[in-house]
Amino acid sequence: MVTINCNLNNFSEIPNFKSIFNGIGNEFEYTEKDIFRRKISPLCPICNNKTTHNGYNEYTKKGIGTIKIGKYLCKSCGENLEEDRSVWEKLKTIFSDLLGELYQLLRLNHVSYGGISDIMHLIFPQSKSTVFRGFNHATNNAEVPPLENVLIVHYDEQFPKEGRSQKYRLTLLDAKTKRPLADELFDQKDPETIKQFLSSNFDTSKPLFIVTDFYSSYPSILKEVFGENLIHQYCLFHLNKLIVNDFPRNTTMSQELIKYKLLNIFYNREKEIEMLQKLKFEEIEIIQNESAYKSWIKLEKKDFYKFVRAQKLSRRRNKENLEINSLEKTENNFKELMDNINFFDCQTQTRLKMIKKHWMNLTVFHYLEGGPATNNAVENYYSTSLKTHRKKQFRTEVGILNQIKLSSMKRAGMFKGPKPTILELFRLFRPFAIS
């Protein structure tokens, strides 16, 4: 190891010196005058004669410290040499990388560049522009580990804005790891763009299970890209949203009952249906009295929604999801509704016919172990990367892409694991502190 010749000022820094110069050979020394150089001056690369020690050059990391790097002079040919300073550059790189990761974590939590600069004034003063450059450098150089052997994916789209310009974010999420397989920004969203995006990220000759929403162009696009190698599942969560939107905001109890019977096709809504059936019979008796009915339905719907929320909170406390019906029960519930389709209004009939048309795409998850029934995973990813109220705030495409990449890095676990703290790195610079 390098020979360290300490003085009274830096004698206490021996542990730090050992850490800094770890791996450096015994042919080097750190002198009592704080110069890093070779004990025996090297041969001149020009004339091959021995050089002599010739002072030093100083290199400073502003605000932290200065190192003296030894110089050599060849008296035969006058060539000036300088010792390699990679130790100092490595130390600065480690420090810069740690600051870059700190900027990334703060940006991931939506702290502005100005806010980060204000925080850094309490740690290591950095201007807003320095923070911006450091963040961009760290993010551009970060490489997210690729995913392999992906067989089940979620596909969805988001519509962030670059200033006033509309952008289109296309995302493929691995269903197993919940990590993005591809997450790109485009100026338009047409069938050709989607085809190119899918083709560039998959081997289309291999089978794939993909979950999407009900965008009308998806079946033809996916069929053209993957042919017979595709298993296409429609998102049941999106179907439920369509069902809810089919009904007016101020429903009667009879309408509410029909709505929950539709929702009950794929999800267990038996408790809500049981309560609504009782209220339906009460409604029939009181509906003729208009003034009494208005106050009654207002009170009963309030109690019903309170009951629904209590059910939801109970599941959340027990860390349970809404129960998905078995395939047999799903088929029975749907058959019961289809048997009575003529008794429903036109919109409900249309919705039932739509479900019948896409029945295989709505139930295919039952036939594949681990197959997801919804796109909730990618919706959750969107909410943690570009929230609805934030996806309109970015003024440049780079800002959107950086935020997307940060979320991908977080999902890949790149911010986890043991790392040196800023205080530990400051301690390493202490032997070189500017007096």
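Now for a description of the structure that goes with this document. One numbering rule holds for all chains: residues counted from 1, following each sequence as written. Local features are withheld for residues below a pLDDT of 70 in this predicted model, meaning they are given only at 70 or higher, and side-chain atom pairs are given and counted only at 80 or more; totals for whole chains, interfaces and linings count all residues. Excluded from the side-chain calculation are hydrogens and water; included are all heavy atoms of the structure.

### Description of the side chain of E256
Line of reasoning, step 1. Helix numbering and strand numbering both begin at the N terminus, where a helix is a DSSP run of H or I of at least 4 residues and a strand a DSSP run of E of at least 2. Summarising the element assignment, E256 is placed in helix α8 (residues 253–263).
Line of reasoning, step 2. The criterion used for residue contact is that any of the two residues' heavy atoms lie within 4.5 Å. Residues in contact with E256, not counting those within four places in the same chain, are T251, L276, K301, F304 and Y305.

### Comments concerning a nonpolar patch on the surface
Line of reasoning, step 1. Taken together, the side chains of I119, L122 and I123 make up a nonpolar region of the molecular surface, amounting to roughly 300 Å² of accessible area.
Line of reasoning, step 2. With respect to the element layout, I119 can be found in helix α3 (residues 113–120). Candidates for patches are residues over 30% relative accessible area with no salt bridge; among them, like charges are joined within 9 Å and nonpolar side chains (Val, Leu, Ile, Met, Phe, Trp, Tyr) within 5 Å. Reported accessibility uses the Shrake-Rupley method at a 1.4 Å probe radius. Residues are deemed covered only where the shown protein chains occlude them. Any Lys or Arg side-chain nitrogen found within 4 Å of a carboxyl oxygen on Asp or Glu counts as a salt bridge.

### As for the packing of aromatic side chains
Line of reasoning, step 1. The criterion for an aromatic pair is that two Phe, Tyr or Trp rings (for Trp, the six-membered ring) have centres within 6.5 Å, with stacked assigned to planes under 30 degrees apart, edge-to-face to planes over 60 apart and tilted to the rest. Tallying each qualifying case throughout the model produces 28 aromatic pairs.
Line of reasoning, step 2. Judged by centre distance (6.4 Å) and plane angle (80°), the rings of F17 and F432 are edge-to-face. One end of the pair, F17, is in helix α1 (residues 14–20); the other, F432, is in the segment after α16 (422–429), with 415 residues separating them in the sequence. Assigned by exposure class, F17 and F432 land together as buried.
Line of reasoning, step 3. Considering the side-chain rings of Y260 and F304, the 5.4 Å spacing of their centres and the 85° angle between planes classify their relative orientation as edge-to-face. One end of the pair, Y260, is in helix α8; the other, F304, is in helix α10 (residues 290–317), and 44 residues separate them in sequence.
Line of reasoning, step 4. Exposure is judged per residue with a 1.4 Å probe applied to protein chains only, and the accessible area is read against the type maximum: over 50% gives exposed, under 20% gives buried, and values in between give partly exposed. Residue classification places F304 among the buried positions, given a relative accessible area of 1%.
Line of reasoning, step 5. Through a chain of ring-to-ring contacts, three or more aromatic side chains come together here, namely F17, F21, F28, Y30, F36, W88, F95, F124, F426, F429 and F432.

### Let's talk about the layout of surface pockets
Line of reasoning, step 1. Put simply, the largest pocket is a space of about 940 Å³.
Line of reasoning, step 2. Together, 26 residues line the largest pocket, and F237, R269, K312, R315 and L322 are the ones closest to its centre.
Line of reasoning, step 3. Looking at the lining of the largest pocket element by element, the count peaks at 6 residues for α10.
Line of reasoning, step 4. When residues are grouped by polarity, Ala, Val, Leu, Ile, Met, Phe, Trp, Tyr, Cys and Pro land in nonpolar, Asp, Glu, Lys and Arg in charged, and all others, Gly among them, in polar. Among the residues making up the lining of the largest pocket, the classes are represented as 11 nonpolar, 5 polar and 10 charged. The pocket and cavity definitions rest on a 1 Å grid over protein atoms only: a 1.4 Å probe that fits but cannot leave marks a cavity, an open set with protein on both sides within 12 Å along at least five of seven lines marks a pocket, and residues lining either have an atom within 4 Å of a point. Grid points are joined across faces, edges and corners, and a volume is the space filled by probe spheres set on the points.

### What about the pairing of strand β7 (residues 152–158)?
Line of reasoning, step 1. Most of β7 sits out of view: 7 of its 7 residues are buried.
Line of reasoning, step 2. The side-chain alternation of β7 yields two buried faces, one formed by I152, H154, D156 and Q158 and the other by V153, Y155 and E157.
Line of reasoning, step 3. Judged from the 3 bridges that link them, β7 and strand β12 (residues 208–212) form a sheet pairing that is parallel. Opposite I152, over in β12, you have F209 as the bridge partner.
Line of reasoning, step 4. In short, DSSP must find at least two bridges between two strands for them to pair. Of the pairings in the sheet, the one linking β7 to strand β10 (residues 168–174) comprises 6 bridges and is antiparallel in character. Paired with Q158 across the bridge in β10 is R169.

### Considerations on the pattern of salt bridges
Line of reasoning, step 1. Taken as a whole and judged by the stated rule, the model has 19 salt bridges.
Line of reasoning, step 2. The salt bridge partner of E89 is R85, with a shortest N-O separation of 3.5 Å.
Line of reasoning, step 3. By relative accessible area, R85 is classed as partly exposed at 29%.
Line of reasoning, step 4. Of the charged contacts, one joins E256 and K259 as a salt bridge, the two residues approaching to 3.1 Å between their closest N and O atoms. Taken as a pair, E256 and K259 lie in helix α8 at a separation of 3 residues, close to a single helical turn. In this pair, the class of E256 matches that of K259, namely buried.
Line of reasoning, step 5. Through salt bridges with shared partners, a single network forms among E82, R85, E89 and K92.

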